[in-house]
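A structural walkthrough
Here are the chains, one letter per residue:
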Amino acid sequence: MLELVEMDDADAAELFIERGWTDGLPVVVPTPDRVEAMLAGGGVEADEVLGTVPAKRRTVTAGLAAVNAVMAGCKPDYFPIVLAALRGMLDPLWNANGALTSTGGSAACIVVSGPMAREIGLNAKGNLFGPGYRANATIGRAVRLVAMNVIGARPGMQDESSMANPGKYSLCFAEEDPAEPWQPLRVQLGFDRQDTTVTIMATEAPRQIGSHSNGDAETLLRTFVSIMKAPATFIVGKGGQGIIVLGPEHQFVLRDCGWTQARVRAFLTEQTRVTPAELVSAGVPLEVEGNQHYLPPSPDGKYPTIMSEQDLLIVTAGGHGAGWSAYIPAFSPNKHIRAVTRRVRPAGEALPDCGPDSCEIVLPGMAAAE
Amino acid sequence: MAKIIVYRPDLVEEVLPTGTLARRRIPAGGLRITLLNNGKPKTVPLLTYVSEELARHFPVTSVTVHSKPSAAFTIDEETAAGLARSSDLLIAGLGDCGSCSACSLQDALQLERLGVPAAVVITDAFVDVCGRVAVRLGFAGYQPIVVPHPAATRPDAWLKDKARLAAAAMIPLALPLAGTAAAS
């Protein structure tokens, strides 16, 4: 249930900051007309439940999401993407209770793949993680404001981040569909090309990968490996997930050398496995009793950084220029958190029709009773 | 000055009905202690030392370790019910991070609501977060057992020393005073 409050018009934005309802930046004041327009943009009713966080006893409704999306500065046509991101965050696999409370201080990294990204102006090109693009800045911000205001993950309250990272303000970007035969993320994940998907992962901050005059695929990817398996990254040797954002030049080198995305995933997953000696030499203790983060080693004695090839997402985006890409690691191993992908439902799309038989299903227990 | 009407963006904190701590008692046959291990480093030795200290004061028939698959999740209701049936005292830990402290505290409070005395062992950095979670769960004032942070990097002798102090702190909170044990 949404609650209305009255305040002085001139002081409203300041009052929102004073009451701890913002991320520290001024917000757009959520008046009823703005919130209704946001809900219309998503094609949802205010009381629609997007999901719950049982351990925090919190329920996120579309209405509260719309209020926070207005505050973040979203336009109504961004709202279907905000809704999909929140539905992903509220999936039990994402573990919002753990991810939003942890000292690890993760960003809610949002990757949008599909035509809707282009339609609303989400940036997939130069300055990918930087300022200047309203959709990128405000969609991620809306999700963070919901985490703070609705799920209760406020700094010093139920957000125990030690360092956090700047992506906690907003870390949202689009994918630039790659040239054939490579496939966009949504197709790699099994969705249709005409769909738009949102993938949300609790991550550390992005790390740039610079490799400027390298025309050999394997040599280029060894640079990627060097940053991915640095033991200071928490998931190294513990089996996690990650996102590789391949800039245009690096994509070109890999495709030109005949590499598929599957081969890139397989190579990076294999090459980022670490030996006990590598971890110990970097000061990471292995033999601590009860150290839950470590997995049993593989038969060859190595530990995975990326749990499996399916746990590494290959996304094509970024600006032309000298060779840059980025790596965004999950903040914690798979046993605690997982990325979730949701298809974006355009506003007004009807729910699937289950057909005339849907009312005729008889559960086994009921049949026995009859 | 002109007034405007706006929506509140937050959820007003929902507080559970005030919980009642389980009755503190020692069964005639002695205590069945369950150590609810969240998998954080040094949890099992630390909690084991705590149980050994308790055994110096009370009859203990068994000490069982139940390990959670992840420190970042709470136990489900079925697991809690099973632990309640098999335990006279549950000791959860080690809360030495944000999510694991909150989850271990919630695990302990689930057992309290099911009638089993429970204690949660955390490091001192997470007293505040546990205090806030306890209020939200209807157990304002519930006192965790606190050891210095960090514990995960400490040698065995340090763990034994802190376990001794933790057990001493636990007795008046989770168990009848030693002198009254037989009468409880």
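Just so it is clear, the model here is predicted, and its values are computed rather than measured.

The next thing to look at is the interface of chain B and chain A. With 38 residues of chain B at the interface, the matching set in chain A holds 49 residues. Between chain B and chain A, roughly 3800 Å² of surface is buried when both sides are summed, and carbon and sulfur atoms account for 58% of that area. At the junction of chain B with chain A, the criterion picks out three salt bridges. A salt bridge links arginine 154 of chain A to aspartate 10 of chain B, with the nearest nitrogen and oxygen atoms 3.9 Å apart. Applying the counting criterion to the chain B and chain A interface returns 18 residue pairs in polar contact (both at pLDDT 80 or more).

Looking now at the confidence of the model for chain B. All names here are of chain B. Within chain B, residue pLDDT values average 90, and 96% of them lie at 70 or more. Note on residues 179-184: pLDDT is under 50 here. Beyond four places in sequence and across chains, it has seven contacts. Here the predicted complex scores 0.86 on pTM and 0.84 on ipTM.

Residue and element names in this part refer to chain B. As summarised here, the arrangement of the five strands in space is β3-β2-β4-β5-β6, forming an open sheet in which the pairing is parallel. Only two strands of the sheet have a single partner each, and these edge strands are β3 (60-67) and β6 (145-147). Taken over all neighbouring pairs, the strand axes of this sheet differ in orientation by 20° on average, direction set aside. Where strand β2 (residues 31-37) lies against strand β4 (residues 89-95), five bridges are found, and the strand directions are parallel. If you follow asparagine 37 over to β4, its bridge partner there is glycine 93. The strands that helix α1 (residues 43-55) touches are β2, β3, β4 and β5 (118-123); relative to β4, the one it contacts most, it runs at about 145°.

Rules behind the numbers
Residues numbered from 1 in each chain as written. Chains lettered and ligands numbered in written order. Predicted model: local features only at pLDDT ≥ 70, side-chain atom pairs only at ≥ 80, totals over all residues. Heavy atoms only, no water. Contact = heavy atoms within 4.5 Å. Buried area = accessible area lost by both parts, 1.4 Å probe. Salt bridge = Lys/Arg side-chain N within 4 Å of Asp/Glu carboxyl O. Polar contact = N/O pair within 3.5 Å; in protein donor to acceptor, adjacent residues only side chain to side chain. pLDDT = per-residue confidence, 0-100. Pairing = 2+ DSSP bridges. Helix = DSSP H or I, 4+ residues; strand = E, 2+ residues; numbered from the N terminus. Axes fitted to C-alpha atoms, helices over the stretch in contact; angles between N-to-C directions.

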